[in-house]
Amino acid sequence: MPEFVLAVDLDGVCAQHTEAFRRVVARERNVSEDTLPLVRSWSFAEWGLDDGDFEELHRIAVLDYRMFRDIDPMPGCSEALWRLSDAGVWIRLVTHRLYTSWGHRVTVSDTVEWLDRYRIPYRDICFLADKSVVNADAHIEDAPHNITAIRAAGGHVIVYDQPYNNHLAAPRAHDWAEVEEMIVQMMAESGSAVPRPLPGIDAGSDRLERRTRDSA
């Protein structure tokens, strides 16, 4: 049976991008974080940002504050992805983090460091803008334009619920427990995926804690 390929976005899906970026914008503009609502549109209009403001502040966030290294993960993300990986899902991370000119070395290295720190499993990672060309059985995505493009190309997308995508049609997941449930159901219906742990890695999302206890 073929493996089930799951394309997983990072910002707004695995990582709490709005919260991390809000901390930077508040500090750079010397305002309270409370003045920057978490319920916001894709354009950040509620924060008083235009395209130029966003690009400059995001560049500062990535290069000066090293946001991609220190951003908080979504609750339950690592554990759910490990269980899916152990069940045979091929996890393909797909992110458009290289939209800031220059600084690509910092972006890529901080992304990989963050993935290691928070134990996010994956078999490959793609940095690209057009996610509709990615080969996958299912996508988990939050960006409205990406969801629309992937669906237009015939792909299956689970919308990871965010305020800026609530106009889009289901399927929709509000947290990683729901994502996991949906993917398990898709796997059962398709008969795909064969359990095959990542090379050299024990089974179970608590593998590092168990190794530490065993070696103590």
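Before reading further, recall that the structure is shown in the block above.
Nothing here was measured: the structure is a model prediction, and the numbers come from that model.

Draft legend 1. Structural view of the sheet that holds strand β4 (residues 138-141). Here we have 6 strands laid out as an open sheet, ordered β3-β2-β1-β4-β5-β6, and parallel in their pairing. In this open sheet, the two edge strands, each paired with only one partner strand, are β3 (124-127) and β6 (172-173). Note: strand β1 (residues 4-8) against β4, 3 bridges, orientation parallel. Counted as the bridge partner of Val-8 is Ile-140 from β4. Helix α4 (residues 77-86) rests against β1 and β2 (89-95) of the sheet, and its axis sits at about 135° to β2. The strands touched by helix α6 (residues 144-152) within the sheet are β4 and β5 (157-160), with β5 carrying the most contacts at an inclination of about 170°.

Draft legend 2. Fine view of the side chain of Asn-165. Within the secondary structure layout, Asn-165 lies in the loop between β5 and β6. Sequence-distant contacts of Asn-165, that is, excluding residues within four places in its chain, are made with Asp-142, Pro-144, Val-159, Tyr-160 and Arg-172.

Draft legend 3. Quick look at α6. Along α6, the positions that sit buried rather than exposed are Pro-144, Asn-146, Ile-147 and Ile-150. Summarising the axial view, the buried residues of α6 lie within an arc of 165°, below the 170-degree limit, and thus occupy one face. Contacts made by the buried residues of α6 are with β4 and β5.

Parameters and conventions
Residues numbered from 1 in each chain as written. Predicted model: local features only at pLDDT ≥ 70, side-chain atom pairs only at ≥ 80, totals over all residues. Heavy atoms only, no water. Pairing = 2+ DSSP bridges. Helix = DSSP H or I, 4+ residues; strand = E, 2+ residues; numbered from the N terminus. Contact = heavy atoms within 4.5 Å. Axes fitted to C-alpha atoms, helices over the stretch in contact; angles between N-to-C directions. Buried < 20%, exposed > 50% of the residue type's maximum accessible area, 1.4 Å probe, protein only. Arc of directions from axis to C-beta.

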